[in-house]
Structure formats: C-alpha cells, structure tokens
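Summary of the model geometry
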Amino acid sequence: KVVKVFCHEEESLKQFNELNEQLFDSAYQANRFANIMMPVNAQLGNLSYVVCAVVGGILAITGVSGLTLGGGYPGAQGDVCGGADKGVVSVAGGNTAHA
C-alpha cells in the first residue's frame, strides 16, 4: 500500500526482479558447480581404493606387512564435499543478499 501511495511500485518491482535474477543466476552456478564436483569426488574415492590395492599388492609381494590405508577416505571426503556444497550455495545466496 505504501509503495502505491508514493508511485514507487514500478521501480520497486524492477529492482526486485533484478535482485531475483541475480539470486537465480548465483544459485544456478552454485548448483552447477556442485553437480560437477560430485562425480569428480566419487572418482577420487575410487582412485584411492585402486592406489591402496596396488600399493598393498606390491608391499605384500615384497613381504612388507602392516599397511592400513583406505576405507576412511571416502567417508571423510563425503563430509568435506557435503560441507563445501553447502558453503558454495551459501556464498551464492550471500552475494545477492548484500548487493
């Protein structure tokens, strides 16, 4: 009601649409980045298993024992990447909230 009284409705609507478009673009870019990073991180986890298997095989053949690597990496990686995903989305939203 106040906006209509001062004939500011069109300008306010234009400003809102500009901010809304910026927010949409930021959220889209953050989501795109997160969707690209998810399979990359999954492959890093798979690669760690392969490296551990190869190194473990070599150490077993040479007679060295006591290798306890792997297993814990994918869980920790998932925690870090999950937090990073939320951080990217938060930053994308924060960029437009204070613009």
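No experiment lies behind these values; they were computed from the predicted model shown. Starting from 1, residues in each chain are numbered consecutively following that chain's sequence as written. In keeping with the model being predicted, local features are shown solely for residues with a pLDDT of at least 70 and side-chain atom pairs are shown and tallied solely at 80 or more, while totals for entire chains, interfaces and linings include all residues. Side-chain calculation: all heavy atoms of the structure are included, whereas hydrogens and water are not.

**A few points about the overall build of the chain**
Worth spelling out the cut-off: Per the convention used, a helix needs a DSSP run of H or I reaching at least four residues, while a strand needs a run of E reaching at least two, with both numbered from the N terminus. Accessibility here uses a 1.4 Å probe with only protein chains present; expressed as a share of the type maximum, an area under 20% marks a residue as buried, one over 50% as exposed, and anything in between as partly exposed. It only takes one pair of heavy atoms within 4.5 Å for two residues to be counted as in contact. A 1.4 Å probe and the Shrake-Rupley method give the accessible areas. Residues count as covered only by the protein chains that appear here.
Within the chain, the secondary structure is distributed over 3 helices and 0 strands. Helices and strands in the chain line up, N terminus first, as α-α-α. The buried share of the chain, taken over its 99 residues, is 10%. When contacts within the chain are restricted to residue pairs at least 6 apart in sequence, long-range pairs at least 24 apart make up 71% of them. Surface accessibility of the chain: about 7,800 Å² in total, with carbon and sulfur atoms responsible for 65%.

**With respect to a nonpolar patch on the surface**
Here is the rule: Only residues above 30% relative accessible area that lack a salt bridge enter a patch, with like-charged residues linked at up to 9 Å and the nonpolar side chains Val, Leu, Ile, Met, Phe, Trp and Tyr linked at up to 5 Å. We count a salt bridge whenever a side-chain nitrogen from Lys or Arg sits within 4 Å of a carboxyl oxygen from Asp or Glu.
A cluster of nonpolar side chains, namely Ile36, Val40, Leu44, Leu47, Val50, Val51, Val54, Val55 and Ile58, defines an oily patch on the protein surface of about 730 Å² accessible area. Examined against the element boundaries, leucine 47 turns out to sit in helix H2 (residues 9–62).

**What to know about H2**
Heads up, the rule is: Each residue after the first adds 1.5 Å to the expected span of a helix.
The end-to-end C-alpha distance of H2 is 78 Å, a good match for the 80 Å that 54 residues give at a rise of 1.5 Å each. All of the buried residues in H2 are Ser26, Ala30, Ala34, Asn41, Gly45, Ser48 and Cys52. Downstream of H2 by a residue or two, glycine 63 has a phi angle that is positive, lying close to 95 degrees.

**So, the confidence of the model for the chain**
Test applied: The predictor attaches a confidence to each residue, called pLDDT, with possible values from 0 through 100.
With 59% of its residues at a pLDDT of 70 or more, the chain has an overall mean of 74. Of all helices and strands in the chain, the one with the weakest mean pLDDT is helix H1 (residues 2–5) (58), whereas H2 scores best (87).

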